[in-house]
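Structure at a glance
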Amino acid sequence: MRKILSAATGLLLTSLFFTTVSFSQDYAYHNPFPRNSMEQFMSSDVAADKGLATVSIDANFKLQKAFNRQFKNAGMVNWYNLNNKFLAVFDYEGRKTRALFTKNGYNIYAIAYGVEKDLPKDYKKSLHNLYEDFEVLNAVEIKSSMVDHTTWLALLKSENNIVIARIIDGDVDEYARYDTKPKMPKKQRKGRVIIPKS
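Residues numbered from 1 in each chain as written. Predicted model: local features only at pLDDT ≥ 70, side-chain atom pairs only at ≥ 80, totals over all residues. Heavy atoms only, no water.

Notes on the pattern of salt bridges
Under the criterion given, the structure shown has 6 salt bridges. A salt bridge links Asp-91 to Lys-96; the shortest N-O distance between them is 3.0 Å. Exposure remark for Lys-96: the relative accessible area of 38% places this residue in the partly exposed category. (Salt bridge = Lys/Arg side-chain N within 4 Å of Asp/Glu carboxyl O. Buried < 20%, exposed > 50% of the residue type's maximum accessible area, 1.4 Å probe, protein only.)

Structure, rendered in structure tokens:
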């Protein structure tokens, strides 16, 4: 009886673990950023957090070599230590860029902040076809070593809405939509109030 109970408990815990892990991975893939911080992420201000101290990587040749190979001619490079990893904040090809590396030079991700002209032509055309009355304010290119594609996020604005569109392999989906038109309170109905006699 104990063997059956312990086997059932083990099976239940194992299935719960795998369910949680697969749900977390699926959620992280489809929702990589909390929606309330997306506007901050989309801004072109990429200065590192004030709590991070700048570091020198002069002694780390692997990291320098990997960075220079991937981001040749990068300008104004500042390095920060972030949880035993190295965050580079720099200008590259006219865009503010962040890249996170391990101490061995492995690039975890790179995020380049730009504008509409930085989007690939076919992505720009798709956005204009889907969002005719919108203008593209910002475009963010995200390359991650964990996935085999580049993700673009575009911040679009119309008279009444702000939309964040996500583009993966040419497929556009609406990541978030915010109503910018202030909501006016409904007019109160005027009429007689009848108070019953007690």
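What follows continues from the structure just given.
Some words on the packing of aromatic side chains
Applying the stated criterion across every chain yields a total of 9 aromatic pairs. Centre to centre, the rings of Phe-67 and Trp-79 are 5.2 Å apart; their planes meet at 70 degrees, and the pair counts as edge-to-face. You can see Phe-67 sitting in helix H3 (residues 61–70) and its partner Trp-79 sitting in strand S1 (residues 75–82), a full 12 residues away along the chain. For the pair Phe-67 and Trp-79, a shared accessibility class is recorded, and that class is buried. Between the aromatic rings of Trp-79 and Phe-101, the centroid separation amounts to 5.9 Å while the plane-to-plane angle is 55 degrees, which identifies the pairing as tilted. Pair noted here: Trp-79 is in strand S1 and Phe-101 is in strand S3 (residues 95–101), with a separation of 22 residues, a long-range link. Summarising the burial analysis for this pair, Trp-79 and Phe-101 share the class buried. (Phe/Tyr/Trp six-rings, centres within 6.5 Å; stacked < 30°, edge-to-face > 60°. Helix = DSSP H or I, 4+ residues; strand = E, 2+ residues; numbered from the N terminus.)

Some details on the side chain of Thr-151
Its place among the elements puts Thr-151 in strand S6 (residues 150–157). Exposure remark for Thr-151: the relative accessible area of 13% places this residue in the buried category. With sequence-adjacent residues up to four places away left out, Thr-151 is seen in contact with Val-140, Glu-141, Ile-142, Arg-166, Ile-167 and Ile-168. (Contact = heavy atoms within 4.5 Å.)

Topic: H3
Looking at H3, one finds that the buried residues are Leu-63, Ala-66 and Phe-67. Down the axis of H3, the sector holding all buried residues measures 95 degrees, keeping them to one side. Looking at H3, the residues exposed on the side facing more than 90 degrees away from the buried face are Phe-61, Lys-65 and Arg-69. On its buried face, H3 sits against S1, strand S2 (85–92) and S3. Its side-chain oxygen 3.4 Å from the backbone nitrogen of Lys-62, Asn-60 forms the N-cap of H3. (Arc of directions from axis to C-beta. Polar contact = N/O pair within 3.5 Å; in protein donor to acceptor, adjacent residues only side chain to side chain.)

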